[in-house]
Amino acid sequence: MWFRSALALALVASTAGAQAPDRDYTVLVASEAVDLITRITFGPGAGPTLVKVEGTTKVGINPVDPDGPHGLGLSPNAQQYYVSTAHGVPYGYLWKIDAKTNEVLGNVELGNFPATLQVSPDGGFVYVVNFNLHGEMVPSDVSVVSTDPFVEVARIQTCTMPHGSRLNPAGTKHYSACMMDDAVVEIDTRTLAVARYFVLKKGSEKGLIGAPRGQGEPGTGNREPSDHAGHGMSPPKPGDVSCSPTWAQPSADGRSVFVACNKANDIVEIDVASWTMKRRIPAGDGVYNLAVTRDGKLLVGTNKRGKSVSIIEIASGKELARVPTQRKVVHGVAISGDDRYAFISVEGIGSEPGTVEMIDLKTFTRVASADVGQMAGGIDVVGGGSQALR
Amino acid sequence: MILFSAIVLAALQAQTPGQQASAQLPPSPIAKVVVTPAKPTMVARDTLRLTAQALDARGKPVDSVRFRYVQSSGARFEGRVDTTGLVRSGSTGTIPVTVVALVPGTRPVTEVVEVKMLPGPAASVVIDAAPAKLVVGQQIVLSGTAFSAAGDQRADKLSWKSSAPNVARVANDGRLAALAAGKATITATTGSASGTLAVNVVPNTIASVEIMPATVAARTGDVVHFSITVKDAQGRKIDGLTPSWTFSPGQGMIEQDGGFVGYEARPYTVVATVGNRVAQAAVSLTHRDARRQATVVGRLPRTRFSTEEVWIHPDGKHVYLGSGGGGDVMYAIDVSNPAAPVVTDSVVSNTRRVNDVMTTPDGKFLVFTREGASDRKNGIVICSLEDPAHPKPIAEFTEGVTGGVHSAFIYKQEKFGTHIYLTNDGTGALHVIDINDPYHPKEVAQWKTERPDAGRSLHDIDLRDGLLYASYWNDGLVILDIGNGMKGGSPSNPKLVTQYKYDLNDLYRQVELTGGPGFIRGTHTAWRHKNYVFIADEVFPASGVKGAKDAAAGRAYGRLQVLDVTNIEKPRPVAFYEPEYGGVHNVWVAGDTLYMGAYNAGFRAFDISGDLRGDLRAQEREMVHVHTGDMEGKVQNSPDTWGVVVKDGLAYVNDNANGLWIIRIEPKKPDVVP
């Protein structure tokens, strides 16, 4: 049982150089299978174990069928957090929750299977991709939701199965990975329209103006409709050179976009100004979600199939460490604002708990973990994570 | 909460100055959004274009404004508005629309309007069923309804006129008096629409009116069918006359066909009035005495996960129990000694919910459903029951059902073999899977209701005599021919027989008042029994009781409706059951007893013998209520009864909160064997 008591299990590695945190970090994580948001404290304030599950908040409408919280993001001032629920009938929702009281402040209906999300740096909007995991393979969209008034103000058609998404530090561009179009799309947030897209298929890499035309466009697209069902867990077939992008992460200075190629097991770096590929960086098996440190030095990627986390030195492209995780199906990553720790969500399999693992980015070791609800996915940390890079 | 707030505050204070709360979005230059039309109304099923203008504080139009029209909560299934402001109405109702005016880079401004979708002009008037033959002196009250050309009901007050007022006079409120022998046409009018009723008034030669049966001894809930015999002075029958039926005192109902059901054990008088003649029947009702004692024969608490569907093997010795709330296990349980059920095995699968379980009729194979798989492939798992105590997975079907499968029903037809009919959580489609070779399941058909994607959800499936009864949530009950032949359907080519929709919002308006808009409600379960279909709705409020927690915070609602499908193409509601507290979930019928998992209302069973009319609970048809709360369970002391299967006189009742109950309803002489 994942939640035996208020105290979570903690593992403090005694590796050389690993130091206990000297301040507290507050982490929020969504558990898709059990409709829970878990709040965790990591640090001295949690007591001797350094990790404490502070509590949970139920999110969703239906008490007997899972609503499926997927994406999670804090507002820049950490006063609220936003959660997407994906298992709607058929549409999902975006929920706004008071971070202090955990009271649900409202919800907005979005599209099919809303997934990753981020609040803009000015706190005014939430960008949520409508992943459309189960529907027909047609272009889906990105919802733009005003935080106050809490209402959807735009829905921008992008591509087939938009997934991992992030804004640049200035908040002027939004990037989302198109899992079935093998591309990444750039939205200009000033005009709320697609500006450009980039084809990621190996050997066909190129930047183009406008939006992809959808699955089947020459040079783009995964040709087998059933590929999406595995959602990052299916290994590539022999000879498959597609990327199957699952995350788009701007660099700390906004000059590059890193794209996780889940099938190709590498990360494509795109130069934003020239809209050309700079390089491919090898990563772990099934690289899935990405995050960068504020100092621009490190890129952290979760390896969904590989049961590990890659820590990459951006300047050299060298993988400095590959940290194994306790459980399988590695999902999200959020880096603390001081660049010290990476918080990793791990879904688990079946009835085993979800997990949040704390990785020390100085020693590249796992220093603690906490059991949470099953299918842990969307994750954020106060003062860091999705609110970073300003 | 205080600790969490302190932590957040400390975290904020620990941030570098650059990471403090970012600059606020600059205010919009828009001071006011003017929507045209200001109070929009439209004819249902038509379209309407909303437009907007953004004005600054001086009342001048603002440039570079992006307008977006968003449908606020409510009226989701009655119509849609697209982002450009085009409203497409699907039926009558009210759509709240939020108009968003955005100057990029500034805070948006919104204005909410309600678009009222009204019935179109009256195009027809339907006069409610009324007798065509009256005797002089007979009085009846006519009623009718106006409809638009699209069939939407209007609330017009009708004007009544008689073509021969000296024969039949009708007042403007519909009261008709037959004055003299002759023919008259009664016309009900509103605007340019009208409906007519031909009336034949015959001389009143009634010498006697006799009601049959004149004396009735029955029980509460028994439907007594009254009729009249009218004779003239010569003793000749006068056919074709229809009385006005009334009864007094007490609670019950009587319909125009003379069907009476009383709810109380007391005397009633049923009166038939024809012209100036009255006949009375004396009805004496005794208590139905359907109530039985129940005995909990056996119990298997479960604490690790909630438990979902229960199914019993045809041998009666093995039961299969699914898990939910993150559960990845289906239990196999030996119930050969029902007093001591024992888990013999379990099947663990890549899933986080096993909602439905069923075996083939011969008990050789079993299917269970998957939702929440870590690889998101979901679907169904087929097991061999070569040893029923130890199911062995032999195959699975995952194609196109990534959204999860909630329910599955195995059905065998001699002509077509064995198929699994399953629900697709992601698309609301029905999938038909051929398992004549259970080791290699293959899909042979899909079917879904024709409607916009919004709100299509298929929850459950029942099959009898080649007809499939689909509980289609917002689309009500859908009946398909999958081999019966009445519409030429087959498993690979399901054909629609009929659809029964009803106004769920109106039926559960109390739930909306309690918990706000956006509550959960839909047709959840169906069960065909004789000429009835029982349909149960699953209903939850949008929000629980504020300040409450745990089991006190929420409850289920819902009604079981009884539809008469004597004419299957026109299902007709005739009766209902609603517990005083709780909902209605899964049902099972055996003999003349309906068994039900009723969520907070526990396990219920009631007598469904004979004809069914009216409020089944008020007429004392309930046999058993077991409050399945237990301190031993996933949730303590809070019933959440899910469903039941019945075999060999035992009800295997599954409670979502705490596991399996095996209950015997004790017989009462004379035996009404459950």
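Just so it is clear, the structure is predicted and the values come from calculations on it, not from any experiment.

**Student:** It is not clear to me how the overall build of chain A should be interpreted in this structure. Could you clarify?
**Tutor:** A tally of helices and strands in chain A yields 0 helices and 29 strands. When the 390 residues of chain A are sorted by exposure, 67% land in the buried category. Restricting the contact set of chain A to residue pairs at least 6 apart, pairs at least 24 apart contribute 47%. Element-wise, carbon and sulfur atoms account for 51% of the exposed surface of chain A, whose accessible area totals about 11,700 Å².

**Student:** I would appreciate a short explanation of the nonpolar core in the present structure.
**Tutor:** A general trend in soluble globular proteins is that nonpolar side chains are found buried together. Counting 93 residues, the largest nonpolar core has Ile420, Leu560, Tyr595 and Phe603 of chain B as the members making the most contacts within it. Those residues within four positions of Ile420 of chain B in sequence are excluded, and the remaining contacts are Val367, Ile380, Ile382, Ala408, Phe409, Ile410, His431, Val432, Ile433 and Ile435 of chain B. Judged by nonpolar contacts, the second largest core, of 31 residues, contains Ala115, Phe125, Val129 and Val144 of chain A.

**Student:** I'm lost on the state of the cysteines in this one. Help?
**Tutor:** When the sulfur atoms of two cysteines share a covalent bond, that bond is a disulfide. Residue and element names in this part refer to chain A. Applying the stated criterion across every chain yields a total of 2 disulfides over all chains. With a sulfur-sulfur separation of 2.0 Å, Cys159 is cross-linked through a disulfide to Cys178. Taking the torsion about the S-S bond as the criterion, the Cys159 to Cys178 disulfide, at about -90°, is left-handed. Taken together, the residues Cys159 in the loop between β11 (150-157) and β12 (162-167) and Cys178 in strand β13 (residues 173-178) connect sequence positions 19 residues apart. Both residues of the pair, Cys159 and Cys178, count as buried. Here Cys243 connects covalently by a disulfide to Cys261, the sulfurs 2.1 Å from one another. Between Cys243 and Cys261, the S-S torsion sits near -95°, and that sign places the bridge as left-handed. Residue Cys243 is located in the loop between β16 (206-209) and β17 (245-250), and its partner Cys261 is located in strand β18 (residues 256-261); the two are separated by 18 residues in the primary sequence.

**Student:** What should I look at first to understand the side chain of Thr498 of chain B in this one?
**Tutor:** Residues and elements named next belong to chain B. Positionally, Thr498 belongs in strand β44 (residues 495-500). What makes Thr498 buried here is its relative accessible area of 8%. A distance of 3.1 Å separates a polar side-chain atom of Thr498 from the backbone oxygen of Glu569.

**Student:** Which parts of the structure should I look at to understand the confidence of the model for chain B?
**Tutor:** Residues and elements named next belong to chain B. This prediction gives chain B a mean pLDDT of 90; 93% of its residues lie at or above 70. pLDDT under 50 marks residues 1-23. Its contacts with residues more than four places away, or in other chains, come to 35 contacts. Reported confidence for the predicted complex is 0.79 by ipTM and 0.85 by pTM.

**Student:** Please clarify how the packing of aromatic side chains should be interpreted in this entry.
**Tutor:** Residue and element names in this part refer to chain A. For the structure shown, the criterion picks out 26 aromatic pairs over all chains. Between Phe42 and Tyr341 the ring centres are 5.0 Å apart and the planes differ by 90°, which places this aromatic pair in the edge-to-face class. Here Tyr341 lies in strand β26 (residues 341-346) and Phe42 lies in strand β2 (residues 36-42), a separation of 299 residues in the sequence. Relative accessible area serves as the criterion here: at 1%, Phe42 is assigned to the buried category.

**Student:** Where do I start with the environment of Ser244 of chain B in this structure?
**Tutor:** Residue and element names in this part refer to chain B. By the element assignment, Ser244 lies in strand β23 (residues 244-248). Classification of Ser244 by relative accessible area gives partly exposed; the value is 28%. C-alpha separation for the pair Ser244 and Ser306, spaced 62 residues apart in sequence, amounts to 54 Å. Beyond its immediate chain neighbours, meaning those up to four positions away, Ser244 contacts Gln139, Ile140, Val271, Ala272 and Thr273.

**Student:** Looking at this model, I keep getting lost on the pattern of salt bridges. Mind explaining?
**Tutor:** Where charged atoms from two side chains of opposite charge come close, those side chains can pair. Residues and elements named next belong to chain B. Under the counting rule described, the total for this entry stands at 47 salt bridges over all chains. Here Arg509 ties to Asp506 by a salt bridge, and the two come within 3.3 Å at their closest N and O atoms. For Arg509, a relative accessible area of 45% gives the class partly exposed. Judged by its relative accessible area of 41%, Asp506 is partly exposed.

**Student:** Can you walk me through the sheet that holds strand β47 (residues 560-564) of chain B in this structure?
**Tutor:** Neighbouring strands of a sheet are bound in pairs by backbone hydrogen bonds; such pairs are parallel or else antiparallel. Residue and element names in this part refer to chain B. In space, the 5 strands of this open sheet follow the order β45-β46-β47-β48-β52, with mixed pairing throughout. Two strands in the sheet have a free side with no partner beyond their single neighbour: β45 (520-529) and β52 (614-615). As paired strands, strand β46 (residues 532-540) and β47 are joined by 5 bridges and run antiparallel to one another. Among the inter-strand pairings, Ala536 is bridged to a residue of β47, identified as Leu560.

**Student:** When you look at the sheet that holds strand β29 (residues 306-312) of chain B in this model, what are you seeing that I'm missing?
**Tutor:** Residue and element names in this part refer to chain B. On the basis of which strands lie adjacent, the open sheet formed by 4 strands has the order β29-β30-β31-β32 and antiparallel pairing. This sheet does not close on itself; its edge strands, each paired only once, are β29 and β32 (342-348). Strand-to-strand twist of the sheet, defined as the mean angle between neighbouring strand axes without regard to direction, takes the value 25°. Relative to strand β30 (residues 318-324), β29 is paired through 5 bridges, and the arrangement is antiparallel. Bridge assignment links Thr307 to a residue of β30, and that residue is Ser323.

Cut-offs applied
- Residue indices follow the written sequence of each chain, beginning from 1 at its first position.
- Going through the entries in the order they are written, you letter the chains from A and number the ligands from 1.
- Given that the model is predicted, a residue must reach a pLDDT of at least 70 before its local features are reported, and side-chain atom pairs must reach 80 or more before they are shown or counted; all residues, however, enter totals for whole chains, interfaces and linings.
- Only hydrogens and water are removed before side-chain values are computed, so all heavy atoms of the structure are retained for them.
- In this description a helix means any DSSP run of H or I spanning at least four residues, a strand means any run of E spanning at least two, and both kinds are numbered starting from the N terminus.
- Classification of residues uses two cut-offs on accessible area relative to the type maximum, computed with a 1.4 Å probe and protein chains only: under 20% is buried, over 50% is exposed, and between them is partly exposed.
- The contact rule is simple, with two residues in contact once any of their heavy atoms fall within 4.5 Å.
- Only the protein chains shown count as cover for residues, and the accessible areas themselves come from Shrake-Rupley with a 1.4 Å probe.
- By nonpolar core is meant a set of buried Ala, Val, Leu, Ile, Met, Phe, Trp, Tyr and Cys residues that side-chain atoms within 4.5 Å join together.
- Two cysteine sulfur atoms form a disulfide, by the criterion used here, when they sit within 2.5 Å.
- We call two N or O atoms a polar contact when they sit within 3.5 Å, provided that within protein one can donate a hydrogen and the other can accept it, with sequence-adjacent residues counted only if both atoms are side-chain atoms.
- The quantity called pLDDT is the predictor's confidence in a given residue, expressed from 0 to 100.
- Stacked, tilted and edge-to-face pairs are distinguished by plane angle, under 30 degrees for stacked and over 60 for edge-to-face with tilted covering the rest, among Phe, Tyr and Trp rings (Trp via its six-membered ring) whose centres lie within 6.5 Å.
- Criterion for a salt bridge: a side-chain nitrogen of Lys or Arg within 4 Å of a carboxyl oxygen of Asp or Glu.
- Strands are treated as partners if at least two bridges between them are detected by DSSP.
- For helices, the fitted axis covers only the stretch in contact; all axes are lines through C-alpha atoms, and the angles between them, taken along N-to-C directions, range from 0 to 180 degrees.

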